[in-house]
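# Structural features, examined
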Number of protein chains: 4
Amino acid sequence: MLRIGMLTSGGDCQALNAAMRGVVKGVCSTRDDVEIYGFRDGYKGLIYGNFDMLTAKNFSGILTRGGTILGTSRQPFKLMRVPDANGLDKVSAMKHTFNKLSLDCLVILGGNGTHKTANLLREEGLNIITLPKTIDNDLWGTDMTFGFQSAVDIATDTIDRIHTTATSHSRVFIIEIMGHKVGHVTLNAGIAGGADVILIPEIPYNIDAITAVIQKRTVVSKPFTILAVAEGAVSREDAKLKKKEYREKVSKRKYPSVAYELAEQIQQKTDKEVRITVPGHTQRGGSPCACDRVIATRVGAAAAELILKQEYGYMIGIKNGETAKIPLQNVAGKLKTVDPDCSLIQEARRIGISFGDEI
Amino acid sequence: MLRIGMLTSGGDCQALNAAMRGVVKGVCSTRDDVEIYGFRDGYKGLIYGNFDMLTAKNFSGILTRGGTILGTSRQPFKLMRVPDANGLDKVSAMKHTFNKLSLDCLVILGGNGTHKTANLLREEGLNIITLPKTIDNDLWGTDMTFGFQSAVDIATDTIDRIHTTATSHSRVFIIEIMGHKVGHVTLNAGIAGGADVILIPEIPYNIDAITAVIQKRTVVSKPFTILAVAEGAVSREDAKLKKKEYREKVSKRKYPSVAYELAEQIQQKTDKEVRITVPGHTQRGGSPCACDRVIATRVGAAAAELILKQEYGYMIGIKNGETAKIPLQNVAGKLKTVDPDCSLIQEARRIGISFGDEI
Amino acid sequence: MLRIGMLTSGGDCQALNAAMRGVVKGVCSTRDDVEIYGFRDGYKGLIYGNFDMLTAKNFSGILTRGGTILGTSRQPFKLMRVPDANGLDKVSAMKHTFNKLSLDCLVILGGNGTHKTANLLREEGLNIITLPKTIDNDLWGTDMTFGFQSAVDIATDTIDRIHTTATSHSRVFIIEIMGHKVGHVTLNAGIAGGADVILIPEIPYNIDAITAVIQKRTVVSKPFTILAVAEGAVSREDAKLKKKEYREKVSKRKYPSVAYELAEQIQQKTDKEVRITVPGHTQRGGSPCACDRVIATRVGAAAAELILKQEYGYMIGIKNGETAKIPLQNVAGKLKTVDPDCSLIQEARRIGISFGDEI
Amino acid sequence: MLRIGMLTSGGDCQALNAAMRGVVKGVCSTRDDVEIYGFRDGYKGLIYGNFDMLTAKNFSGILTRGGTILGTSRQPFKLMRVPDANGLDKVSAMKHTFNKLSLDCLVILGGNGTHKTANLLREEGLNIITLPKTIDNDLWGTDMTFGFQSAVDIATDTIDRIHTTATSHSRVFIIEIMGHKVGHVTLNAGIAGGADVILIPEIPYNIDAITAVIQKRTVVSKPFTILAVAEGAVSREDAKLKKKEYREKVSKRKYPSVAYELAEQIQQKTDKEVRITVPGHTQRGGSPCACDRVIATRVGAAAAELILKQEYGYMIGIKNGETAKIPLQNVAGKLKTVDPDCSLIQEARRIGISFGDEI
């Protein structure tokens, strides 16, 4: 008997179901003595022993469905060793569940935070395999995560729709795109949507550089400007602050996000109407795009291969178009940010896109 | 020679270009001595004599394009008689442009505000034909306006995407849908998207009725709830205020919109995480849906028919599936709101949708 | 106890699941003693007593899903009274199943053929309510059927995509759209997609009128032409044949469909490359559009209302924007075709669309 | 003065306009003395000196538009040296046009055939830069071509829609996907769409292996089967034929394509209804997906960089996520096929997808 535990943790994204389907189909195409324990709502299900017994049938027909059939929740890494209200040590609880169910391995789908905990469980001796789930594409060790391209598609679609309104009304439009720490989604959607200005956390902006773009466009009879702005975009001044100082400043900000602050500054410095659009959680939802379904299926199938070979302690990623296994300890705690000098940024600058840092 | 002026006014929406194409193709399929004066940015172009000379070719290939090739702007009706900074009386200026160019007629595409001004120009003796453009579907005298179904499609797509996240995280989600005065878009998108609660301006809500729905769902193992909320949704208490009092209250509100206020109330009264999504201007943008293209083409073609017959003073609408001409004076200044007792509302209630007024 | 049978019959289409969800939610919001018998694969399930016992839960989360959770099949009306291989009289068998299960009523979702059998069952004394399902929109007694607008959307999307190829290559493109007997889908998608020529069964075409359009366009520097052609489009000569003669002629035709015949004729008479696209069954598949979800939900909810009132023998349709009950005997055996003189056709002609009958 | 010629050749695809926009924006962001000669309809325009003088403005707003604003045509490589009806040597004619206009370089967007001619022109001493355009992704020297991901998206969407019909009717569905010589699109769309069988030119199929899959699925209560079949899929027997023999056999085939032959064989060997869907040219049309827009913009910008540096004789491709320049002589005449042993195929087999070669 092969006993596989499975859980999805952190913010949901597209193709979680596709990836789990890949694992289960991959294992069950060879073995017919498989038991699957689906833990409810992420690590919470593992901690409290809350799970469903599932079969291959439960994973049939879910390739195209958004969300996760297991549910998910955010369980901060830093609280993992902290006993809860009932004095329960969460790590011990998870080990207990794993051993009580005699699991052969645990497949964990998640992003950065999730991987830190996954590595912790590995260090505790559990057999762990992880799959790189995040719209942010910021997991170290893989070229691509599933969820990313779907989020880019949705953010691009938003910019496309706004484009027609912007041109008809001669307005400045700010589209706030998901990404608190990294700008991969904003960068790609900004280029794909034809944004004039792209602001990402990795390249602090100067408000004067932005208004210069707007004014220059007006002069050449392009009275509208589109800004693709990551949630975590930051001004040069704020980038110089210490982390704690910045957090304090943000908490006192009267605006819900940086986009609103930018809008006010632009409105004051130019004579333009500024509008803000926040696609928000739609960027995580709905049916995954074809690209994400292929990636998710691939890493799922490759995980199945490892399970059958009893090789544990890896994240399955994509390197140069091939699936690859990356030791969990190499992934945990690292962030793959946008390199400000990468060729994608240079190409964007080449066609005249501003990153708000030209002056 | 047939001289036709054309302008698009108010907020942009889908199928404006499709409708203008219908007018121009309709006229030019019979007459080859047509001059088209496209006024820039709505009434502003007519006031200041800012226009482009256009031909049938300019209207070719624009059927599927969002926005308006003429540009648009909002020109409040109440300021039409008020001289501007240079002492210019706008109505006289518009008449002057019309007469100076010896226009046979002026085709105006717009919503409620636009129609008030259009009727004013008719009263001043100008030959006017209008087309019903608005995502709100709130123009009196027509069953359907173009833009409406496209907006419903986009709002529905937003709800669809949120659905997967809501179910995965057991959250309450509020989707704020366009509509300050009327709830047609919210009502239709809410039903199409499977919302559990629909709040529209025409049916004031009671916060306790809403939290009762959320709690009842949790009891039957549906720990998530989707609320489709019109921008102009209003609580019972606020609905009792006088217009001026309400405006004052809103201006002092610390939240950008009613959705945020609701979110806080729900979070306080239940133990649920609440998230807000505001598709905003995306609801007006992008390629029109097939239904809107057909409506826009039909009313455009019917307008051409009237122009060729020299019949003026009408809006072209859709009544019981046929194009119909409605005297402008009957349209101007009236609003087509959602009847709280209409069969659509009753059917929604029948399947268990709450309008927040059950208690 | 309220015992409801349910089945979907004929070709599948979008929003079947949405409509069934409407019925079940509508009934279960008032009654909690409901048993639902879902017959498998249309009338076949009723004939052979093949069904699943379902609850409200089975109908949750299916609003957006294409196809039918009950399965469907085509059971020709003319064979209903003919005993099968085992000597089984199908009508008696269906009555037997109905009575054996003590059903209060049977809800049938289907198109024209389905309604003939439904009416037969009504005549036999069974309590029947039907819902108008068909992409063809050809059911008598209702303005709209669910499935129609989704099919129009998909066919329009096909024309949109072909447009870019047609303009880039200066080709003639024929898009063959579903509709053997009626042209509603082709007419609407043709207008929405900007087709130059629309051919529907109701207006027999003259090949010379079509080539005249192509040549006239080439002269005015539009070297491409788009034809939206219904499966059942017919030439003037063929329209004169008796039904039997025509069927014989078609069976001997070397082409799979009329589109291929047209393509060869056009290629011979002009110097143009002609390409054919057949979206085929994609027009019936996938998630229903917002408009169809609303219609399906409405007629489902209205059916629930009738069930609760024990009023039977009706199809629920949409008349002038409201749900309406139409006696089954008035619906069965009638076809709602496109009136060649209707205002939609006139408006299409006004903007220069050819129906292939101008010469 | 910098004089740039530009042409698009071969079948059209998505993101051609996006790529040209990238080149022009890239050059014009640095130089303001640029003249752009847009040759009409591919090499034809270069041969006959048929071009438009274009400016940066002509390339604004075309990022999202399908097709090519320059038009395209197929000009077989093998005829390039063959004088035409008027005794014109095409290669000399193209050189003549290039020199007469004093072009600094010629940017050519195309696929395999196009690249052979492009390399020929390079050998003749012209300054050439090419961009890899093809939905087939079969250009040697680049990991990705633009057009590919959009085609995969559309083919996947087709499979998705067919899925609902297939499950509702218990049918076998064949979706014929573009690709005469290579199976990249079919392979990716097949995996993304959840096909049960994928047939590509690189892996000859055995009809018995296919029917075995269908029968095995029926046994486990999955009475429908989806086959994603490339246009160039070939049976084991046919794969053994010499090229000429095979062509002869195909020409005598009574079916329009391999899908129809397969359908008949399956229908005979199983008791299943089989249906065929051919999305055809829709796979090349419409707005490019976000991924293709980014690729097209990148290679366009990188081409601009080379032009400004006066480096010629390269195709710009994508290698390991970065733009790269590949000498034209290395690209011309080579085909990048699917390696039957690649990890993507192995992963597909791992989850139980059949390639029709298991027996």
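Computed from a predicted structure; not experimentally measured.

### Describing the overall build of chain A
Of the regular secondary structure elements, chain A holds 13 helices and 12 strands. A globule of 359 residues ought to have a C-alpha radius of gyration of about 21 Å, and chain A, at 22 Å, matches this closely. Counting only C-alpha atoms, chain A reaches 70 × 40 × 30 Å along its principal axes. Pairs at least 24 residues apart make up 73% of the contacts formed inside chain A by residues separated by at least 6 positions.

### Section: the domain arrangement of chain A
Residue and element names in this part refer to chain A. The domain architecture assigned to chain A consists of domain 1 (2–147 + 288–331) and domain 2 (149–284). For domain 1 versus domain 2, the distance between C-alpha centres works out to 34 Å. Counting from both sides, the interface comprises 15 residues of domain 1 and, opposite them, 13 residues of domain 2. When the two sides are added together, the surface that domain 1 and domain 2 hide from each other amounts to roughly 1,100 Å², 50% of it contributed by carbon and sulfur. Across the contact surface, domain 1 and domain 2 share zero salt bridges. Put simply, domain 1 and domain 2 have six residue pairs in polar contact (both at pLDDT 80 or more) between them. The class makeup of the residues in the side of domain 1 that touches domain 2 is six nonpolar, four polar and five charged.

### Some details on the sheet that holds strand E7 (residues 172–177) of chain C
Residues and elements named next belong to chain C. Spatially, four strands are ordered E8-E9-E7-E10 in an open sheet, and the strand pairing comes out parallel. A strand with exactly one partner marks an edge of an open sheet, and here the two such strands are strand E8 (197–199) and strand E10 (274–277). For this sheet, the mean inter-axis angle between neighbouring strands, taken without regard to orientation, is 20 degrees. One ladder, built from six bridges, connects E7 with strand E9 (residues 225–230); its direction is parallel. Each bridged residue has a counterpart across the sheet, and for Phe173 the counterpart in E9 is Ile226. Here helix H10 (residues 258–269) sits on the sheet in contact with E7, E8, E9 and E10, set at roughly 165 degrees to E7.

### Considering the interface of chain D and chain A
Each side of the interface is counted separately: chain D has 39 residues, and chain A has 39 residues. Together, D:Glu347, D:Arg350 and D:Ile351 form the three largest contributors to the area buried by chain D at its contact with chain A, with a combined 23%. A:Glu347 is paired through a salt bridge with D:Arg298; the nearest N and O atoms lie 2.6 Å apart. Linking chain D to chain A there are 22 residue pairs in polar contact (both at pLDDT 80 or more). Put simply, the parts of the chain that give the side of chain D that touches chain A at least two residues each are helix H1 (16–28), helix H5 (148–169), helix H6 (184–193), helix H11 (290–309), strand E12 (322–327) and helix H13 (343–350) of chain D. Among the elements that take part in the side of chain D that touches chain A, H11(D) stands out by supplying 10 residues, more than any other. Taken together, the residues that form the side of chain D that touches chain A break down as 12 nonpolar, 16 polar and 11 charged.

### Brief notes about the relation of the copies chain D and chain A
For these two chains of identical sequence, chain D goes onto chain A by a turn of 180 degrees and a shift of 0.0 Å along the axis, with RMSD 0.0 Å. The transformation relating the two chain copies, once decomposed into turn and shift, fits a two-fold axis. For chain D, the minimum C-alpha distance to the rotation axis belongs to D:Asn320 and amounts to 2.7 Å. Both copies contact each other with a shared surface, as 100% of the interface residues of chain D are interface residues in chain A too.

### Some details on helix H6 (residues 184–193) of chain B
For H6(B), the buried fraction is high: 10 of the 10 residues fall into the buried class. Burial in H6(B) covers these residues: B:His184, B:Val185, B:Thr186, B:Leu187, B:Asn188, B:Ala189, B:Gly190, B:Ile191, B:Ala192 and B:Gly193. In this structure, the buried residues of H6(B) make contact with helix H5 (148–169), strand E7 (172–177), strand E8 (197–199), strand E9 (225–230) and helix H13 (343–350) of chain B together with helix H11 (290–309) of chain C. Positive backbone phi, approximately 75 degrees, marks B:Gly194, located one or two places after H6(B).

### Regarding the environment of A:Asp196
All names here are of chain A. Take Asp196: it is sitting in the loop between helix H6 (184–192) and strand E8 (197–199). For the pair formed by Asp196 and Ala302, sequence separation is 106 residues and the distance between their alpha carbons is 40 Å. Leaving out residues up to four positions away in the same chain, Asp196 has contacts with Arg217, Phe224, Thr225, Ile226, Gly352, Ile353 and Ser354. Here Arg217 takes part through its side chain, which lies 2.9 Å from a polar atom of the side chain of Asp196.

### Thoughts on the packing of aromatic side chains
Two aromatic rings are characterised by how far apart their centres lie and by the angle between their planes. All chains considered together, the criterion is met by eight aromatic pairs over all chains. Arranged with centres 5.4 Å apart and planes meeting at 65 degrees, the rings of B:Tyr37 and B:Phe51 form a pair that is edge-to-face. Of the two residues, B:Tyr37 is situated in strand E2 (residues 34–39) and B:Phe51 in strand E3 (residues 51–54); the sequence distance between them amounts to 14 residues. For B:Phe51, a relative accessible area of 27% corresponds to the partly exposed category. With a centroid separation of 5.8 Å and an interplanar angle of 70 degrees, the aromatic rings of D:Phe39 and D:Phe51 are classed as edge-to-face. Taken together, the positions of D:Phe39 in strand E2 (residues 34–39) and D:Phe51 in strand E3 (residues 51–54) put the pair 12 residues apart, joining distant regions of the chain. Among the aromatic residues, ring-to-ring pairing joins A:Tyr37, A:Phe39 and A:Phe51 into one connected group. Sitting over the ring of C:Phe224, C:Arg217 keeps its end group 5.0 Å from the ring centre.

### A word on the UniProt feature "binding site: Mg(2+)" (unreviewed entry) in chain A
Residue and element names in this part refer to chain A. The positions that UniProt labels "binding site: Mg(2+)" (unreviewed entry) are, in the present scheme, Asn112. The topology assignment puts Asn112 in helix H4 (residues 112–123). Sequence-distant contacts of Asn112, defined by excluding residues within four places in its chain, comprise Asp138, Leu139, Lys334 and Leu335.

### Observations regarding the pattern of salt bridges
All names here are of chain A. As enumerated under the stated definition, the model contains 69 salt bridges over all chains in all. For Lys95, the salt bridge goes to Glu124, with nearest N and O atoms at 3.1 Å. Highlighted residues: Lys95 in helix H3 (residues 90–100) and Glu124 in the loop between H4 and strand E5 (128–134), separated in sequence by 29 residues. Assessed through its relative accessible area of 26%, Lys95 is described here as partly exposed. With a relative accessible area of 26%, Glu124 lands in the partly exposed category.

### With respect to the side chain of D:Thr186
Along the polypeptide, D:Thr186 turns up in helix H6. If we skip the residues at most four places from it in the chain, D:Thr186 touches D:Ile177, D:Met178, D:Ile198, D:Leu199, D:Ile200, D:Ala228, D:Val229 and D:Ala230.

### A short note on the sheet that holds strand E9 (residues 225–230) of chain A
All names here are of chain A. Strand order across the open sheet formed by four strands is E8-E9-E7-E10, with parallel pairing between neighbours. Edge strands, defined here as strands with exactly one partner in the open sheet, are E8 and strand E10 (274–277). Across the sheet, the mean angle separating the axes of adjacent strands is 20 degrees when strand polarity is ignored. Bridge count for strand E7 (residues 172–177) against E10 is four bridges, and the pairing is parallel. Residue pairing in the sheet places Phe173 in a bridge with Arg275 of E10. On top of the sheet, helix H10 (residues 258–269) reaches E7, E8, E9 and E10; it is set at about 165 degrees to E7, its chief contact.

### Notes on the side chain of C:Ser168
Along the chain, C:Ser168 turns up in helix H5 (residues 148–169). A distance of 2.8 Å separates the side chain of C:Ser168 from the backbone oxygen of C:Thr164, its partner in a polar contact. Among residues more than four places away in sequence, those in contact with C:Ser168 are D:Asp12, D:Asp41, D:Gly67, D:Thr68, D:Gly71 and D:Thr72.

### A word on a positive patch on the surface
All names here are of chain A. Residues Lys78, Lys116, Lys181, Lys243 and Arg247 make up a contiguous surface patch of positive charge. Structurally, Lys116 can be placed in helix H4. Residue Lys116 is classed as partly exposed on the basis of its relative accessible area of 34%.

Conventions we followed
Think of each chain on its own: its residues are numbered from 1, step by step along the sequence as written. Think of it this way: whatever chain is written first is A, whatever ligand is written first is 1, and the rest follow in order. Note on the predicted model: pLDDT of at least 70 is required for a residue's local features to be given, and 80 or more for side-chain atom pairs to be given and counted; whole-chain, interface and lining totals, by contrast, use all residues. Calculated side-chain values reflect all of the structure's heavy atoms, with hydrogen atoms and water omitted. Each helix is a run of DSSP H or I of at least 4 residues and each strand a run of E of at least 2, with the numbering of both proceeding from the N terminus. With the radius of gyration taken over C-alpha atoms, the globule rule is written as 2.2 Å times the number of residues to the power 0.38. For this analysis, residues touch if any pair of their heavy atoms sits within 4.5 Å. The split of the chain into domains comes from an automatic or database domain assignment. A simple way to read buried area is as the amount of 1.4 Å-probe accessible surface that goes missing from two parts once joined, with both sides added. What makes a salt bridge here is a side-chain nitrogen of Lys or Arg within 4 Å of a carboxyl oxygen of Asp or Glu, nothing more. Residues adjacent in sequence count toward polar contacts only when both atoms are side-chain atoms; beyond that, a polar contact is any pair of N or O atoms within 3.5 Å, and within protein one must be able to donate a hydrogen and the other to accept it. The classification used treats Ala, Val, Leu, Ile, Met, Phe, Trp, Tyr, Cys and Pro as nonpolar, Asp, Glu, Lys and Arg as charged, and all other residues, Gly among them, as polar. When DSSP finds two or more bridges between two strands, those strands count as paired. Lines are fitted to the C-alpha atoms to define the axes, a helix being fitted only along its stretch in contact, and any angle between axes, read from their N-to-C directions, falls within 0 to 180 degrees. The copies were overlaid with a least-squares fit restricted to C-alpha atoms from residues scoring a pLDDT of at least 70 in each copy. Each residue is assigned to one of three classes by its accessible area relative to the maximum for its type, calculated with a 1.4 Å probe on protein chains only: buried under 20%, partly exposed between the two thresholds, exposed over 50%. Any Phe, Tyr or Trp ring, taking Trp's six-membered ring, that has another such ring centre within 6.5 Å forms a pair; planes under 30 degrees apart are called stacked, those over 60 apart edge-to-face, and the others tilted. Cation placement over rings: the criterion is NZ of Lys or CZ of Arg within 6 Å of the ring centroid and within 35° of the ring normal. UniProt positions are given in the numbering used here, feature names are shortened, and annotations may be inferred rather than shown by experiment. Patch membership is restricted to residues that have no salt bridge and whose relative accessible area is over 30%. Joining uses 9 Å for like charges and 5 Å for the nonpolar side chains Val, Leu, Ile, Met, Phe, Trp and Tyr. The Shrake-Rupley method, run with a 1.4 Å probe sphere, supplies the accessible areas, and residue values consider only the shown protein chains as cover. Positive: Lys, Arg. Negative: Asp, Glu. His and the chain ends are not part of the count. Charged side chains are reduced to one point each, which is NZ for Lys, CZ for Arg, CG for Asp and CD for Glu.

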